[in-house]
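Next come the chains, spelled out residue by residue.
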Amino acid sequence: MTPADDPLVGPAPPALYRDEALLVVDKPPGLLAVPGRGPLKQDCLAARVQRAWPDARVVHRLDEATSGLMVFALGVEMQRRLSRAFEQREVEKRYVAVVAGHVEPAAGCIDLPLGADWPNRPRQQVDHARGKPARTHWQVLSYDASGDSTRLELTPETGRTHQLRVHLMAIGHAILGDALYAPPSMMARSPRLLLHASALAFAHPMPDRPALAFESPPPF
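Here's what I pulled together on the structure shown here. Predicted model, so just to flag it, every value in this text is computed and none were measured.

## Topic: the pattern of salt bridges
Alright, step 1. Per the stated rule, a full pass over the model turns up 12 salt bridges.
Alright, step 2. The salt bridge involving D178 is made with R165; its shortest N-O contact spans 2.8 Å. In this pair, D178 sits in the loop between α3 (163–170) and α4 (184–187) while R165 sits in helix α3, placing the two residues 13 residues apart along the sequence. Of the two residues examined, D178 and R165, each falls in the buried class.
Alright, step 3. Connected through shared salt-bridge partners, E92, R94, E153 and E215 make up one network.

## Quick notes on helix α1 (residues 45–52)
Alright, step 1. Regarding α1, the residues found buried are L45, A46, A47, R48 and V49.
Alright, step 2. Contacts from the buried residues of α1 go to β2 (22–27), β3 (56–58) and β4 (67–74).

## As for the packing of aromatic side chains
Alright, step 1. Enumeration according to the criterion identifies 2 aromatic pairs in this entry.
Alright, step 2. With a centroid separation of 5.3 Å and an interplanar angle of 55 degrees, the aromatic rings of Y17 and F214 are classed as tilted. Note that Y17 is positioned in strand β1 (residues 17–18) and F214 in strand β12 (residues 212–215), a separation of 197 residues in sequence.
Alright, step 3. Residues F202 and F214 carry aromatic rings whose centres are separated by 6.1 Å and whose planes lie at 40 degrees to one another, so their mutual orientation is tilted. Here the residue F202 occupies a position in strand β11 (residues 195–202), and F214 occupies one in strand β12, the gap between them amounting to 12 residues. Side by side, F202 and F214 carry an identical accessibility label, which is buried.
Alright, step 4. Among the aromatic side chains, those forming a connected cluster through ring pairs are Y17, F202 and F214.

About the thresholds
Residues numbered from 1 in each chain as written. Predicted model: local features only at pLDDT ≥ 70, side-chain atom pairs only at ≥ 80, totals over all residues. Heavy atoms only, no water. Salt bridge = Lys/Arg side-chain N within 4 Å of Asp/Glu carboxyl O. Helix = DSSP H or I, 4+ residues; strand = E, 2+ residues; numbered from the N terminus. Buried < 20%, exposed > 50% of the residue type's maximum accessible area, 1.4 Å probe, protein only. Contact = heavy atoms within 4.5 Å. Phe/Tyr/Trp six-rings, centres within 6.5 Å; stacked < 30°, edge-to-face > 60°.

So this is what it looks like as structure tokens:
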């Protein structure tokens, strides 16, 4: 059964941008980026996109709880080119997050290696012995004194699983609404993870095309 025929797959989202090589959509929070295990986890953004564009191919992912911009290639060759751009860190990615506490100074970089927390999968952890290098740059956008929370812009250099969530938890500023990593009091402060993929910029995969840049304001 194809995604277009599956009654368990939800409607396709509108394309924010589309040409003959790729399309860009906004992923809602709480929706898998790609299918999970079992028949009840087949509804995902990839399946929904393929309802409308059967040749759409996945080139990167977002966590289920994260919202924001995702790029899909149209066809196998464009998938190969775009996947390489993500793997070689040729794509500029920016996120917005709201975290607990007052983050100081106004900007900085978290450089902590990450690896799987095998007894507690799918959790990840800082692992200085066996972890892979991971770097996240952050900049304070605003501080809410009444709620004791800070809005940050995050620019990851690497793309490790749960990188932003684990890095922020590691410096004592868990993302609000994070069901995996935040303490219960911080998790309860938001019904969703306050993390949004807000900007993407990259070279067009076809020759002699202008570079592309997209922005999506966070819905929180």
